[in-house]
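Structural characterization, general
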Amino acid sequence: MHISVALLLELGIILTFLSLLGTLARRFALSPVPLYLLAGLALGEGGIAPVPAAGSFVETGAGIGVVLLLLVLGLDFTVPEFTVSLRRHLPSAWVDLVLNATPGAVAGWLLGLDAGGVLALAGVTYISSSGIIARLLGDLRRMSNRETPAVLSVLVLEDFAMAAYLPLLAVVAAGGTWQQALLGVLLALGAVVAALAMSYWWGHHLGRLLSHPDAEQLLLRVLGVTLVVAALAEAVHVSAAVGAFLVGLSLTGEAADRARKVLSPLRDLFAAVFFLAIGLSIPPDSLLPVLPAALLLAVVTAATKVASGWYAARREGAGGRGRLRAGTALIARGEFSIVIIGLMGTGHDRLGALVAAYVLLLAVAGPVITRFTGPRPSDARRSPRRSTPVP
Amino acid sequence: MHVDVNEVLLPGVGLLYEFVNLEGDKVGVVARRSGDFELAVYGEGDPDQAQAVFRLTSEEADVLADILGAPRIAERFADLTKEVPGLSAGQVEVLAGTPYVGRPLGESRARTRTGASIVAIVRGEEVIPSPGPEKVLSAGDVLVVIGTHEGIAAVEQIVQG
């Protein structure tokens, strides 16, 4: 076996660098996602320190990162939580979708993007970062606030909407017809319903099949099945991400809890590699020209998120300040906006740069803005215990 | 005194329990899926905003529960059953007017029929560990059951008629 010194060295330096950035982000109670993106931008072609040897690993790892992000998202999901959210917040979900997808779509159209680009940008501005926000609510000690169930319900429904959206995007981006896109969505929705039914009635059997007292066995089994399902989903143009999400959905209870525990560190590693890869794929000098557009889009969609959070929190019976806190909490966009760009693949350089700039702005500004709409906990920074993992 | 506890689902996080104490303070307890807890008291100015929040790990919560004297029997068993995949703990209440009120536990033949074991009976402040078949049930008893999900559901069906 040949061990590449250059690969190990570059990878080691990259990971050390990312950990430094992560520490820095945590110091200011920010998400590390935008910093990982910036690191990718700095390391890429035309950046300050190109990494030729680690390039192929980062590229492979990025694909696994997307799969793991969606798998763990599916594992977090439970049928009762979804039905309760749906019952209480279906109108909020519609308001959220219409208010936040529209600015993205309009911007895409104004920028002269193709149908795939317009759809992608609509998704980017629609989906809030459940990773950043769930962590933020914990750090800001808002979990027991009245508006928080509204915020979390909106996030759950957004994540669920991704299951229909991603296959649609995959087909449209590949230049498929609308019939093919519709077929893809129906296929994905059918698979989601099947997965939910399976988890509801036979989840324990599936759990028993996959789980094993030994953590290593559990990791290998869940990861193996997920990658096979993801590959099959990709082969029928439903997108590997949706396949992974389905596997996560099908596992419930004890099996899901244990799988989440063993997979989370792996997810953290490969998700970081994925964000890095997206940064690497964008030439840094393409950011400046798109900055005004990204800034405008960020301002508009921050305002529309505040409006949708306001509406959702009002349904929960929160007062004015609670509604404002809910709205500002939802501003942050992050990992899934980047997943969308990852799925678009090459040939969308301008869109990639725009979305990177947009996510950089809102992943940083969102948490900062919502901090100022509530009393600031004096001890949030020194709290060493954090139960919600990155990202 | 009866305390009304309001349960709110926090999707992806856990459960929020809220109640108002005798003095009129609103108290919130967040039970996270991770096993951690968060305790909060709501403020005067903004009734939606939790003031003075503090966090407890599951071990710290156990200590607090011991101090407060609450019989957290079912949760303890839940920890135990985590070690064995497929095994869970549940609580089944004996409702007034159901068939086994006033009859011995053995008559339900719960273990023979479901495979699940009734490991304790919580009766008000009192906990009866490992109840024998001769133990007579009364309305309001809470049975702590260990078994598979299906087994626990079956015990519930038997006991609640």
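A quick note: this is a predicted structure, and the numbers were derived from the prediction, not measured.

**Focus on the overall build of chain A**
Each helix and strand counted, chain A has 15 helices and zero strands in total. In terms of overall dimensions, chain A has a C-alpha envelope of 65 × 55 × 50 Å along the principal axes. Residues classed as buried in chain A amount to 54% of the 391 residues present. Of all intrachain contacts in chain A linking residues separated by at least 6 positions in sequence, the fraction that spans at least 24 positions is 82%. In the structure as shown, chain A presents an accessible area of about 16,400 Å², 71% of it carried by carbon and sulfur atoms. Looking at chain A, you have 28 positive and 22 negative side-chain charges, and the mean spots of the two groups are 13 Å apart.

**Digging into the sheet that holds strand E9 (residues 142-147) of chain B**
Each strand in a sheet pairs with another by means of backbone hydrogen bonds, the pair being arranged parallel or else antiparallel. Residues and elements named next belong to chain B. As summarised here, the arrangement of the four strands in space is E6-E9-E7-E8, forming an open sheet in which the pairing is antiparallel. Bordering the open sheet on either side are strand E6 (88-93) and strand E8 (126-129), each of which pairs with just one other strand. Put simply, the sheet's adjacent strands are angled 25° from each other on average, direction ignored. Examined bridge by bridge, strand E7 (residues 117-123) and E9 share five bridges and lie antiparallel to one another. Its bridge partner being in E9, Ser117 is matched across the sheet by Ile146. In this fold helix H4 (residues 149-159) packs onto E6, E7 and E9, with an angle of close to 10° to the strand it touches most, E6.

**A word on the domain arrangement of chain B**
Taken domain by domain, chain B comprises domain 1 (6-69) and domain 2 (78-159). Placing a centre on the C-alpha atoms of domain 1 of chain B and another on those of domain 2 of chain B gives a separation of 28 Å.

**Points about helix H14 (residues 335-344) of chain A**
Burial of H14(A) is extensive: eight of the 10 residues sit out of reach of the surface. Residues of H14(A) that are buried include every one of A:Glu335, A:Phe336, A:Ser337, A:Ile338, A:Val339, A:Ile340, A:Ile341 and A:Met344, and no others.

**A look at the confidence of the model for chain B**
Residues and elements named next belong to chain B. Looking at chain B as a whole, its pLDDT mean stands at 82, while 89% of the residues score no less than 70. Mean pLDDT across the elements of chain B ranges from a minimum in helix H2 (residues 73-82), with 62, to a maximum in strand E3 (residues 26-32), with 89. Listed scores for the predicted complex are pTM 0.74 and ipTM 0.71.

**Thoughts on the pattern of salt bridges**
For side chains bearing opposite charge, pairing can occur when the charged atoms are close. Tallying each qualifying case throughout the model produces 15 salt bridges over all chains. In this structure, the salt-bridge partner of B:Asp48 is A:Arg146, at a minimum N-O distance of 2.8 Å. Highlighted residues: B:Asp48 in the loop between strand E4 (37-42) and strand E5 (50-56) and A:Arg146 in the loop between helix H6 (130-139) and helix H7 (148-173), drawn from two different chains. For B:Arg55, the salt bridge identified is with B:Glu38, shortest N-O distance 3.5 Å.

**Quick word on the side chain of A:Ser250**
By the secondary structure assignment, A:Ser250 is in helix H10 (residues 240-250). Within the structure, A:Ser250 has its side chain in polar contact with the backbone oxygen of A:Leu246 (distance 2.7 Å).

**Concerning the interface of chain B and chain A**
Between chain B and chain A, the contact holds 29 residues from the first and 32 residues from the second. Summed over both partners, the interface of chain B with chain A buries about 2,700 Å², with 48% contributed by carbon and sulfur atoms. Broken down by secondary-structure element, the contributors of at least two residues to the side of chain B that touches chain A are strand E1 (6-10), E3, E4 and E5 of chain B. A per-class count over the side of chain B that touches chain A returns 13 nonpolar, six polar and 10 charged.

**Considerations on the side chain of A:Ser337**
Residues and elements named next belong to chain A. Among the secondary structure elements, Ser337 is positioned in helix H14. The exposure class of Ser337 is buried, given its relative accessible area of 0%. Here Ser337 is in contact with Val124, Ile127, Val355 and Val359, once residues within four sequence places are set aside.

**Considerations on the pairing of E9(B)**
Residue and element names in this part refer to chain B. For E9, the tally of buried residues reaches five of six residues, placing the bulk of the element in the interior. Where E6 lies against E9, six bridges are found, and the strand directions are antiparallel. Its bridge partner being in E9, Gln91 is matched across the sheet by Val144.

**Quick look at the pairing of strand E2 (residues 14-20) of chain B**
Residues and elements named next belong to chain B. Pairing analysis gives five bridges linking E1 to E2, with the strands arranged antiparallel. Residue pairing across strands places Val8 opposite Leu16, the latter belonging to E2. What sits between the antiparallel neighbours E1 and E2 is a turn of three residues, in which Gly12 has the positive phi angle 85°. The sheet contact formed by E2 and E3 spans seven bridges and is antiparallel.

**With respect to a nonpolar patch on the surface**
All names here are of chain A. On the surface, a nonpolar cluster with roughly 440 Å² of combined accessible area is contributed by Leu86, Leu90, Trp94, Leu97 and Val98. Position of Leu90 relative to the elements: it lies in helix H4 (residues 79-110). The class for Leu90 is partly exposed, based on a relative accessible area of 38%.

**Regarding the nonpolar core**
In terms of nonpolar packing, the biggest core is built from 130 residues, with A:Leu70, A:Leu263 and A:Phe274 touching the most fellow members. In contact with A:Leu70, other than residues within four places in its own chain, are A:Leu166, A:Ala241, A:Ala244, A:Phe245, A:Phe336 and A:Val339. In this structure, B:Leu105, B:Ile121, B:Leu137 and B:Ile158 belong to the second largest nonpolar core, which totals 16 residues.

Rules of the game
- Residues numbered from 1 in each chain as written.
- Chains lettered and ligands numbered in written order.
- Predicted model: local features only at pLDDT ≥ 70, side-chain atom pairs only at ≥ 80, totals over all residues.
- Heavy atoms only, no water.
- Helix = DSSP H or I, 4+ residues; strand = E, 2+ residues; numbered from the N terminus.
- Buried < 20%, exposed > 50% of the residue type's maximum accessible area, 1.4 Å probe, protein only.
- Contact = heavy atoms within 4.5 Å.
- Areas by Shrake-Rupley, 256 points an atom, 1.4 Å probe, with all protein chains shown as cover.
- Lys, Arg positive; Asp, Glu negative; His and termini not counted.
- Charge placed at Lys NZ, Arg CZ, Asp CG, Glu CD.
- Pairing = 2+ DSSP bridges.
- Axes fitted to C-alpha atoms, helices over the stretch in contact; angles between N-to-C directions.
- Domains from an automatic or database assignment.
- pLDDT = per-residue confidence, 0-100.
- Salt bridge = Lys/Arg side-chain N within 4 Å of Asp/Glu carboxyl O.
- Polar contact = N/O pair within 3.5 Å; in protein donor to acceptor, adjacent residues only side chain to side chain.
- Buried area = accessible area lost by both parts, 1.4 Å probe.
- Nonpolar A, V, L, I, M, F, W, Y, C, P; charged D, E, K, R; others polar.
- Patch = residues over 30% accessible without salt bridge, like charges linked within 9 Å, V, L, I, M, F, W, Y side chains within 5 Å.
- Core = buried A, V, L, I, M, F, W, Y, C linked by side-chain atoms within 4.5 Å.

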